[in-house]
Amino acid sequence: MDVIFSSSQALLDAHSGITSHVGFIWQQTRTPLVVQFLRIILYVCLALSFMLFVERLYMGIIIAFVKLFRRKPEKKYKWEPLKGDLELGNYSYPMVLVQIPMCNEKEVYQLSIGAACNLSWPANRIFIQVLDDSTDPTIKVLVEQECRRWASKGVNIKYEIRDNRKGYKAGALREGMKHSYVKLCSHVAIFDADFQPEPDFLERSIPFLVHNPEIGLVQARWEFVNADECLMTKMQEMSFGYHFTVEQEVGSTAHAFFGFNGTAGVWRMSALNEAGGWKDRTTVEDMDLAVRAGLNGWKFVYVDDLKVKSELPSTFRAYRNQQHRWSCGPANLFRKMAMEIATNKKVSVWKKFYLIYSFFFVRKIIAHVVTFILYCVVIPATIFIPEVQVPTWGTIYIPTAITLLNILGSARSMQLVVYWILFENVMSLHRTKATFIGLFESERVNEWIVTEKLGDALKTKKGSKTLKKLQFRVGERVHVLELFVGLYLLFCGWYDYSFGRNRFYVYLLLQAMAFFVVGFGYVGVYVPNS
């Protein structure tokens, strides 16, 4: 019995000794290492947050000037409708190529092809080119039959396929340019498979290019047919509202440059070719082309009231994949083109500074990274290190100002701003991860997953509110990364409520709930039942 007691006492003494030793090490390293490291990270994040605020404020001032003085592109550039010539007839209209890249688009191929074939333009001055990369033979047959149906009506439509999907969308567009009839065209309009231009699209966009030889691109605004489908699509519309109402408008007005959105735009063929054509070195081939054309001195025009119907991702899985591509691609393109931009001799120093600092660094890097690291990692961590104080301007004033400036283009959805903030912070996790993947060219840097579209499935029967629940496997429904971050924020919120003095727990507990809702798959799992 004494031997057992002595052994137990020895174990307790050893455990106490280890605990004391660990505690001693923590006390010795806490201030010089942990506290200082967290303080440095906090100051860096606050500096980046302030840079983001200045950028948002600058764009807010510009857009206020544009709206106040109604600086429409028709007033800045020469624009007048095109008319047939008495001698030349329809040959006074430029020859236009319309490209529709698609891949397994069973739900939307008829909508996009039909909209393109109904464009108001002389029939002998337009080519409709359907670039079908479908891997499903059944869908290929359907798309080809649809093209033949329109051809029988007199539409000049071409159905083009290739042997492989190398380069994905960029590869398809590049291959489409190699056909002999394309050489006859001076302009090319591009529409993704879910985009439905109005009949007057070319009549409103082409005159900018015809009457202004310095313009290389005309970009239209996206309008969403399913924006009111669910809370997730409404929040997506809010984010797009800022992009189109502010970012694209400011870029067009102040710099005659912005990132091509890859669809719903018209290029001058010479500008596209002079820039080197389509390249597949990143997943944002559209932005890549725009930057190269911009460095050649071409000007871009964004027309806000020229709208093209399209579809927002209806499932969280589709939206997450889309955001990965749109966050990873720009970061990777920045890595590849930063020196090329800096050493370019065709554009001004001001434009190069705008491209490197504002367009890429602040909007494509800082905007993603600082949101997650500051608000979901660093500020929660300061709860356990009271020596590190977060200034009020960094937790309230700057975030509030940035949020108000971000929702400038979403006035009709102001009541959803709290949900939007929480959801955007969740998405910042994936955008931050994708940004680092792009910057360091790690795995998934060139991952391309076609965004799932529902097309006619969005059109429910009149008065019907029936919803169809999507089928997911457990591994697809549960998102471990979101749950892990949610647990971290929950613990931080509980600790702040119990022992802290910052009162961050209100935000932390709400944000933890948002991560749990997404983590357990309760966002983007219902779609309309046609």
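Keep in mind the model is a prediction, meaning the values are calculated, not measured. (Residues numbered from 1 in each chain as written. Predicted model: local features only at pLDDT ≥ 70, side-chain atom pairs only at ≥ 80, totals over all residues. Heavy atoms only, no water.)

Asks: Describe the overall build of the protein chain, with residues and values.
Replies: Counting secondary structure elements, the protein chain contains 16 helices and 9 strands. A buried classification covers 53% of the 530 residues belonging to the protein chain. Excluding contacts between residues fewer than 6 apart, the proportion of contacts in the protein chain whose partners are at least 24 apart in sequence is 83%. For the protein chain, the accessible surface area stands at approximately 25200 Å², while carbon and sulfur atoms represent 60% of it. (Helix = DSSP H or I, 4+ residues; strand = E, 2+ residues; numbered from the N terminus. Buried < 20%, exposed > 50% of the residue type's maximum accessible area, 1.4 Å probe, protein only. Contact = heavy atoms within 4.5 Å. Areas by Shrake-Rupley, 256 points an atom, 1.4 Å probe, with all protein chains shown as cover.)

Asks: Just give me the short version of the UniProt feature "transmembrane region" (unreviewed entry) in the protein chain, but keep the residues and values in it.
Replies: When the UniProt feature table is mapped to this numbering, "transmembrane region" (unreviewed entry) covers residues 40-66, 365-385, 397-423, 478-498 and 504-527. Across residues 365-385, helical content stands at 81% and strand content at 0%; the span's end C-alpha atoms are separated by 28 Å. Secondary structure content for residues 478-498 is 90% helix and 0% strand, and the end C-alpha separation is 30 Å. (UniProt positions renumbered as here; feature names shortened; annotations may be inferred.)

Asks: For the packing of aromatic side chains, give the residues involved together with the corresponding values.
Replies: Taken as a whole, this structure holds 35 aromatic pairs when the rule is applied. Relative to Tyr181, the ring of Phe127 has its centre 5.0 Å away and its plane inclined at 35°; by these criteria the two rings are tilted. Residue Phe127 is located in strand β2 (residues 126-132), and its partner Tyr181 is located in the loop between α5 (168-176) and β4 (187-190); the two are separated by 54 residues in the primary sequence. A single burial state applies to Phe127 and to Tyr181, both of which are buried. A centroid spacing of 5.6 Å and a plane angle of 75° characterise the contact between Trp267 and Phe300, whose relative ring orientation is edge-to-face. You can see Trp267 sitting in strand β6 (residues 265-268) and its partner Phe300 sitting in strand β7 (residues 299-310), a full 33 residues away along the chain. The class for Phe300 is buried, based on a relative accessible area of 0%. A cation over a ring is seen here: Lys153 above Trp150, with NZ or CZ 4.4 Å from the ring centre. Seen from the ring of Phe359, Lys364 lies directly overhead, with NZ or CZ sitting 5.2 Å from the centre. (Phe/Tyr/Trp six-rings, centres within 6.5 Å; stacked < 30°, edge-to-face > 60°. Lys NZ or Arg CZ within 6 Å of the ring centre and 35° of its normal.)

Asks: Before we move on, can you summarise the pattern of salt bridges with the specific residues and values?
Replies: Summed over all chains, the structure comprises 16 salt bridges. Between Arg204 and Asp305 there is a salt bridge, with its nearest N and O atoms 3.3 Å apart. You can see Arg204 sitting in helix α6 (residues 201-211) and its partner Asp305 sitting in strand β7, a full 101 residues away along the chain. Overall, Arg204 belongs to the partly exposed group, its relative accessible area being 27%. The shortest N-O distance in the salt bridge between Asp288 and Arg281 comes to 2.8 Å. (Salt bridge = Lys/Arg side-chain N within 4 Å of Asp/Glu carboxyl O.)

Asks: Run through the nonpolar core, naming residues and quoting values.
Replies: Val98, Ile113, Leu202, Trp267 and Val291 are the most contacted members of the largest nonpolar core, which has 93 residues in total. Leave out the neighbours within four places in its chain, and Ile113 touches Ile100, Met102, Val130, Val143, Glu146, Cys147, Trp150 and Ile157. Formed by 50 residues, the second largest nonpolar core is a distinct cluster that contains Ala367, Ile385, Ala512 and Val523. (Core = buried A, V, L, I, M, F, W, Y, C linked by side-chain atoms within 4.5 Å.)

Asks: Which residues make up the side chain of Asp286, and what are the values?
Replies: Looking at the secondary structure, you find Asp286 in helix α9 (residues 285-295). In this structure Asp286 is buried but unpaired, with Lys169 as the nearest side chain of opposite charge at 5.2 Å. Residues contacting Asp286, with those up to four places away along its chain left out, are Phe260, Asn261, Gly262 and Trp278. (Lys, Arg positive; Asp, Glu negative; His and termini not counted.)

Asks: Outline the sheet that holds strand β3 (residues 157-160), listing residues and values.
Replies: The strand order across the open sheet formed by 7 strands is β3-β2-β1-β4-β6-β5-β7, and the pairing between neighbours is mixed. At either end of the open sheet lies a strand with only one pairing partner, and these are β3 and β7. Strand-to-strand, the axes of this sheet are offset by a mean angle of 20°, without reference to chain direction. Pairing of strand β5 (residues 215-224) with β7 involves 9 bridges; the strand directions are parallel. The residue bridging Phe224 from the neighbouring strand is Ser310, located in β7. The strands touched by helix α7 (residues 231-255) are β5 and β7; relative to β5, the strand with the most contacts, the crossing angle is about 160°. (Pairing = 2+ DSSP bridges. Axes fitted to C-alpha atoms, helices over the stretch in contact; angles between N-to-C directions.)

Asks: Tell me about the packing of helix α15 (residues 480-498) against helix α16 (residues 505-519), residues and numbers included.
Replies: Geometry of a packed helix pair, given as the angle between the helix axes and the separation of the axes. Orientation of α15 relative to α16, taken along the N-to-C sense of each, is 160°, at an axis distance of 8 Å. With respect to each other, α15 and α16 are oriented roughly antiparallel. Read as a crossing pair, α15 and α16 show a hand that is left-handed. Across the interface between the two elements, Glu482, Leu483, Val485, Gly486, Leu487, Leu489, Leu490, Cys492, Gly493, Trp494, Asp496 and Tyr497 from α15 touch Tyr505, Leu508, Leu509, Gln511, Ala512, Phe515, Phe516, Val518 and Gly519 from α16. The residue makeup of the contact of α15 with α16, split by class, is 15 nonpolar, 4 polar and 2 charged. (Parallel < 35°, antiparallel > 145°, perpendicular 65-115°, else oblique. Left-handed = near helix turned anticlockwise from the far one by under 90°. Nonpolar A, V, L, I, M, F, W, Y, C, P; charged D, E, K, R; others polar.)

Asks: Help me get a handle on the environment of Glu447, residues and values and all.
Replies: Take Glu447: it is sitting in the loop between α13 (417-440) and β8 (467-469). Judged by its relative accessible area of 27%, Glu447 falls in the partly exposed class. Spatially, the C-alpha atoms of Glu447 and Thr283 are 7.4 Å apart, while their sequence positions differ by 164 residues. For Glu447, the residues in contact, after removing those within four places along its chain, are Thr283 and His324. Here Arg444 takes part through its side chain, which lies 2.7 Å from a polar atom of the side chain of Glu447. (Polar contact = N/O pair within 3.5 Å; in protein donor to acceptor, adjacent residues only side chain to side chain.)

Asks: Describe the pairing of β5, naming the residues involved and giving the relevant values.
Replies: Successive side chains on a regular strand alternate, one facing one side of the sheet and the next facing the other. Buried residues dominate β5, accounting for 9 of its 10 residues. As judged from the 3 bridges shared by β5 and β6, these two strands associate in the antiparallel manner. Among the inter-strand pairings, Gln219 is bridged to a residue of β6, identified as Gly265.

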